[in-house]
Amino acid sequence: EAAVTQSPRSKVAVTGGKVTLSCHQTNNHDYMYWYRQDTGHGLRLIHYSYVADSTEKGDIPDGYKASRPSQENFSLILELASLSQTAVYFCASSPTNSGNTLYFGEGSRLIVV
Amino acid sequence: GDSVTQTEGLVTLTKGLPVMLNCTYQTTYSPFLFWYVQHLNEAPKLLLKSSTDNKRTEHQGFYATLHKSSSSFHLQKSSVQLSDSALYFCALSAPYGSSGNKLIFGIGTLLSVKP
């Protein structure tokens, strides 16, 4: 089965601090995604990537950067964390992005204080 | 634009009863619909998917039929179990940017099954 692992699984960050969420997949998938989950909003796409060294903006990219240094790794970076970025973040991968299953990691719970 | 609507935020049922979770969508493209299930503190996982009109798709006792005429993809089960308590997301695959498709998720329906 597909394996997507995220770290850290939980983090408390201070406002204005830098946060990096990491994602690693062992599925040899081309596509990787970062989603944010908030009650009442479902899952919203922040950034995605379909090839190493390239990232694309999703629907809510403001305040976030992404990095894809290799096919296996995809990071989400919050340069200046804000209270509004308190959420659960999910990384996912898929072999292509047309009608294929997304395989999600188990999430990273971020609390910004 | 493309969108997914789930009208129920919370559905509470007694074990053994049938359930239907509503999902409607809007798209100008050929629809490809998904249901994902997320148990407490776990990752969302695919439950079932379909792009074929009027064909029932089943998995783990759940089933759904894509109806393009009504833009719907409701999730059903004939007899819910305690273990079915979870958050259920309907999602639509839609063209996005220059690199293909993305999934648009509904806000989710929390199913709570009581003994």
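Since the model is a prediction, treat every value here as computed from it, not as a measurement.

Peer 1: Any chance you could break down the sheet that holds strand 1 (residues 4–7) of chain A for me, citing the residues and the numbers?
Peer 2: Residues and elements named next belong to chain A. Overall, antiparallel pairing links the 4 strands, which are arranged 1-3-8-7 in an open sheet. Across the chains shown, the open sheet's two edge strands, defined by having one partner strand only, are strand 1 and strand 7 (65–67). Strand-to-strand twist in this sheet, taken as the mean axis angle between neighbours without regard to direction, amounts to 20°. Inspection of the sheet shows strand 1 paired to strand 3 (residues 19–25) by 4 bridges, in the antiparallel sense. What sits directly across from Val-4, in strand 3, is Gln-25.

Peer 1: Describe a nonpolar patch on the surface, naming the residues involved and giving the relevant values.
Peer 2: A cluster of nonpolar side chains, Val-12, Val-14, Ile-111 and Val-113 of chain A, forms an exposed patch at the surface whose accessible area comes to about 360 Å². Of the residues examined, Ile-111 of chain A reaches a relative accessible area of 37% and is grouped as partly exposed.

Peer 1: Residues and numbers for the sheet that holds strand 9 (residues 75–77) of chain B, please.
Peer 2: Residues and elements named next belong to chain B. What the 4 strands build is an open sheet, ordered 3-9-8-7; its pairing is antiparallel. Looking at which strands have only one partner, the edges of the open sheet turn out to be strand 3 (19–21) and strand 7 (56–59). With strand direction ignored, the average angle separating the axes of adjacent strands in the sheet is 20°. Bridge analysis of strand 7 against strand 8 (residues 62–65) gives 4 bridges, and the strand direction is antiparallel. Each bridged residue has a counterpart across the sheet, and for His-59 the counterpart in strand 8 is Phe-62.

Peer 1: Lay out unusual backbone geometry in plain terms, naming residues and giving numbers.
Peer 2: With an omega dihedral of -10°, the bond running from Ser-7 of chain A to Pro-8 of chain A counts as a cis peptide bond. With respect to the element layout, Pro-8 of chain A can be found in the loop between strand 1 and strand 2 (10–13). At Ser-71 of chain B, a position not held by glycine, the phi torsion is positive, near 50°. With respect to the helices, strands and loops of the structure, Ser-71 of chain B is situated in the loop between strand 8 and strand 9. When its relative accessible area of 23% is taken as the criterion, Ser-71 of chain B is described as partly exposed.

Peer 1: An account of the state of the cysteines is needed here, citing residue identities and associated values.
Peer 2: Considering all chains together, one arrives at 2 disulfides over all chains under this definition. Each sulfur in the disulfide pair Cys-23 of chain A and Cys-91 of chain A lies 1.9 Å from the other. Negative torsions about the S-S bond denote left-handed disulfides, and the value of about -80° found for Cys-23 of chain A with Cys-91 of chain A makes this one left-handed. With Cys-23 of chain A in strand 3 and Cys-91 of chain A in strand 9 (residues 87–94), the pair connects residues that are 68 residues apart, well separated along the chain. With a sulfur-sulfur separation of 1.9 Å, Cys-23 of chain B is cross-linked through a disulfide to Cys-90 of chain B. One quick way to see it: the torsion about the S-S bond of Cys-23 of chain B and Cys-90 of chain B is about -65°, and its sign makes the bridge left-handed. Of this pair, Cys-23 of chain B sits in the loop between strand 3 and strand 4 (24–26) while Cys-90 of chain B sits in strand 10 (residues 86–95), and the two are 67 residues apart along the sequence. Since its relative accessible area comes to 0%, Cys-23 of chain B is described here as buried.

Thresholds applied
Residues numbered from 1 in each chain as written. Chains lettered and ligands numbered in written order. Predicted model: local features only at pLDDT ≥ 70, side-chain atom pairs only at ≥ 80, totals over all residues. Heavy atoms only, no water. Pairing = 2+ DSSP bridges. Helix = DSSP H or I, 4+ residues; strand = E, 2+ residues; numbered from the N terminus. Axes fitted to C-alpha atoms, helices over the stretch in contact; angles between N-to-C directions. Patch = residues over 30% accessible without salt bridge, like charges linked within 9 Å, V, L, I, M, F, W, Y side chains within 5 Å. Areas by Shrake-Rupley, 256 points an atom, 1.4 Å probe, with all protein chains shown as cover. Salt bridge = Lys/Arg side-chain N within 4 Å of Asp/Glu carboxyl O. Buried < 20%, exposed > 50% of the residue type's maximum accessible area, 1.4 Å probe, protein only. Disulfide = S-S within 2.5 Å.

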